[in-house]
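A look at the structure
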Amino acid sequence: MRTDEKVIQRVTGIQAADIEAALDPVEADGVYRDSRQCAGLALLSGGGKLLLSPPTPRPKKG
Amino acid sequence: MEQSGTSTRLQAAVQDLASGVVSALRGGDHAHVVPPAGTDGEAGDLALAAVRVLGADALLPGLLSHTPPDPAELAVFRKAVEAYPPRPDAAPTVRWSHWAMARTLRRADPSSAEPPAEPDTAWLDGATWQVLTHQLAVLAPLALPGEDCAVHRLAQHRPVDVARGFVRAVRRRDWRQAAGAGRWLTLLPGVPDTVGLESGLDFVELMGGQDPLVALQVQAARRMRMGARG
Amino acid sequence: MTALAEDLRTVADGALAWVDAHRAGFALGEDALAVDGEVDLSWKPLGELAQVCATVTRLTEPADPLHARARGLLDFAWQETHEGELFLRLQRLEPFATYPLEVYAALASAGLRHPAFEQAAAVVARTRGWRLTEQDPTRRLGVLRAEERCGVHSLGQAPPGLEQTWLGGLPEPWTFGRDAGYALTHVVFHCSDWGCDAAAVPPVLVAYLTDWLPPWLDTCLEAGMWDLGGELLAVAAVVARTTGEDPPADAWQRLVAARGPAGEVPLDDRDLGDLAAGPGDADGERYFLHHYHSTLMAAFAAVLAGARPDSPPARAAAGHRYGGQGAPA
């Protein structure tokens, strides 16, 4: 090792190992989340209002 | 995995440096990418180590725009090459990264020392397409137009495998690997058209471009594609 | 026997044995014709059982114990439908539903037929309304295939509507996700008549799939998506019947390792602890539902991968193009 290298390492605390680790990284873990599908949006005829929730239950006849 | 304080600071310095390279690649202004020499103390040393980690890409803007490097910049680059030679037991990517820097230095300044002999590619002989792509992505600074080295020749024989690795990296949301693989794909003949590289690079930038190391590879890939067409 | 051939045999034997031991789970049950019966829990599993066993009997020798087991399961399924009689009754109840024809077609492809139902189905299938039934393009292909099997009409070389499917449009392979995956596997299953006519998959799809199946398979297995992984292995086996490529040995090893104690394969890695025959699952129904489909798919893929190619492998088609690329064997 040359003198200037020694100086650099002494001053910074950066070890060759830190640099070599950065240059030889292990592969990151895979992250998985699949796209979902929202149920089709129903357009109320007339009102033109987006219906995102199920219709309010109505009392059954009889 | 917990990182040491030094390693965290080093990563931050690499990101800063990469941001500068990205701006230079985007705007054509490549001033002050590499910090001026003579910055004393820890900050300067950290910056020097960051140049070593970013490797040959620290001079990429000038290289792609065929602009001679600023002498001060070149001096720092040279200092990084000389200060951090690979240790005898260093991993192949470390040795290749250093070789690429020495080679870039020699190209930028023919009065520099001859680059050392090329390391070998034995570690990639028979590598699966997954390992191959990961290693090539780490060695993305070697993906340059007109480059002729053993890693380049090896990659040229496996375009479909690198394309598969790109798909895998996007699926795993490993944007750095995807960006590095995408940069290689711009150079390799025989990549299936169905990979959709152009929209793929846009997608990787959209998803991972906040990371300057991702943005750098995407930007480099775009510049090289433009160069190839122009 | 090579290690790979051993893996294929282990998966096929174990999976079909588990299915056989759990055939009660496939029984139609009392509410098979009920207005509020859950067809996804009755007709769907029975149809899937029939389809997989139909392919197994086609691709195995009569002397093979797998063949006998699959034949026995087909007979069981046929008995469950009262030798096809229930299809006719179901059609009277829901004349425009496509699922009775789709399930029936699986049995018909194994030679179990009910002529009166076929005639009745043909009457409905001649209407414009039936042909215009709005369905996912992939499902539509399945219905067309079912109609062909039941003699309603014959499919041409390229099935209509193929280009409307995800796979048929040759999308960027990195846009793959779970839903796209299930869509593409079924396009291949329908095109290839569930693996029995691999040559019917258009060459452009064979080339596309040869390129991109490896990363899809790798990431599904890494994510523990064993069910979709099994389907992709089946697709790889269908494609390999044309290209002559070897099955992906590493992927098969991972599937072998994912199996449960009796050869069953879980849908995915979620909630396995909760399902282990806990107090809320005294009759094992939840466990069955979490395993039956992936186990069927594993058997299907393993038999396809282990079967001899249809014709002398046209290795040249893939081999020249890829120059030995891919994970070394």
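The name recorded for chain C in an unreviewed UniProt entry is DUF6895 domain-containing protein, from Streptomyces werraensis.

**Things to note about the overall build of chain A**
Tallying secondary structure elements over chain A gives two helices and two strands in all. Secondary structure elements in chain A, listed N-terminal to C-terminal, are α-α-β-β. Of all 62 residues assigned to chain A, the portion counted as buried reaches 13%.

**Observations regarding the overall build of chain C**
Scanning chain C from terminus to terminus reveals 15 helices and zero strands. Restricting to contacts in chain C with at least 6 residues of sequence separation, those with at least 24 account for 74%.

**Structural notes on the interface of chain B and chain A**
On the side of chain A, 20 residues touch chain B, which itself brings 25 residues to the contact. Going through the elements one at a time, helix H1 (5–27), helix H2 (41–54), helix H5 (92–108) and helix H6 (129–138) of chain B are the ones with two or more residues in the side of chain B that touches chain A. Element by element, the count of residues in the side of chain B that touches chain A is highest for H2(B), at seven residues. For the side of chain B that touches chain A, the residue count by class is twelve nonpolar, six polar and seven charged.

**Things to note about the confidence of the model for chain C**
Summing up the model confidence of chain C, the mean pLDDT is 91 and the portion of residues at 70 or higher is 89%. Taken together, the stretch residues 315–321 of chain C has pLDDT below 50 and engages in six contacts with residues farther than four places along the chain or on a different chain.

**Regarding the nonpolar core**
Core analysis: the biggest nonpolar cluster contains 177 residues, and B:Ala50, B:Val51, B:Phe166, C:Ala50 and C:Ala299 have the highest contact counts within it. For this core, the element with the highest residue contribution is helix H14 (residues 285–306) of chain C, accounting for 13 residues. Those residues within four positions of C:Ala299 in sequence are excluded, and the remaining contacts are C:Ala12, C:Ala15, C:Leu16, C:Val19, C:Val52 and C:Val56.

**Structural notes on helix H3 (residues 65–80) of chain C**
Every α-helix winds through 3.6 residues per turn, so residues three or four apart in the chain are directed the same way. All names here are of chain C. In this model, H3 (16 residues) spans 23 Å end to end at C-alpha, consistent with the 22 Å of a helix rising 1.5 Å per residue. Turning to H3, its buried residues number three or more, namely Leu-66, Arg-69, Ala-70, Leu-73, Leu-74, Ala-77 and Glu-80. The buried residues of H3 occupy an angular sector of 140° when the element is viewed end-on, so they sit on one face. Away from its buried face by more than 90 degrees, H3 exposes Pro-65 and Gln-79. In this structure, the buried side of H3 is in contact with helix H1 (3–21), helix H2 (43–59), helix H5 (99–108) and H14.

**Section: the environment of B:Tyr84**
Mapped onto the fold, B:Tyr84 is located in the loop between helix H4 (71–83) and H5. Between the alpha carbons of B:Tyr84 and B:Leu48 there is a distance of 9.5 Å; along the sequence they are 36 residues apart.

**Let's talk about the confidence of the model for chain A**
Residues and elements named next belong to chain A. Averaged over chain A, the pLDDT score is 68; the fraction of residues at 70 or greater is 45%. The element-level mean pLDDT for chain A is lowest in strand E2 (residues 50–51), coming to 48, with helix H2 (residues 16–23) highest at 93. Across residues 46–51 the pLDDT falls below 50, and counting only partners more than four positions away or on other chains, this stretch makes seven contacts in the model.

About the cut-offs
- Residues numbered from 1 in each chain as written.
- Chains lettered and ligands numbered in written order.
- Predicted model: local features only at pLDDT ≥ 70, side-chain atom pairs only at ≥ 80, totals over all residues.
- Helix = DSSP H or I, 4+ residues; strand = E, 2+ residues; numbered from the N terminus.
- Buried ≥ 20, exposed ≤ 12 C-beta atoms within 10 Å, placed from the backbone.
- Contact = placed C-beta atoms within 7 Å.
- Nonpolar A, V, L, I, M, F, W, Y, C, P; charged D, E, K, R; others polar.
- pLDDT = per-residue confidence, 0-100.
- Core = buried A, V, L, I, M, F, W, Y, C linked by C-beta atoms within 7 Å.
- Expected span 1.5 Å × (residues − 1).
- Arc of directions from axis to C-beta.

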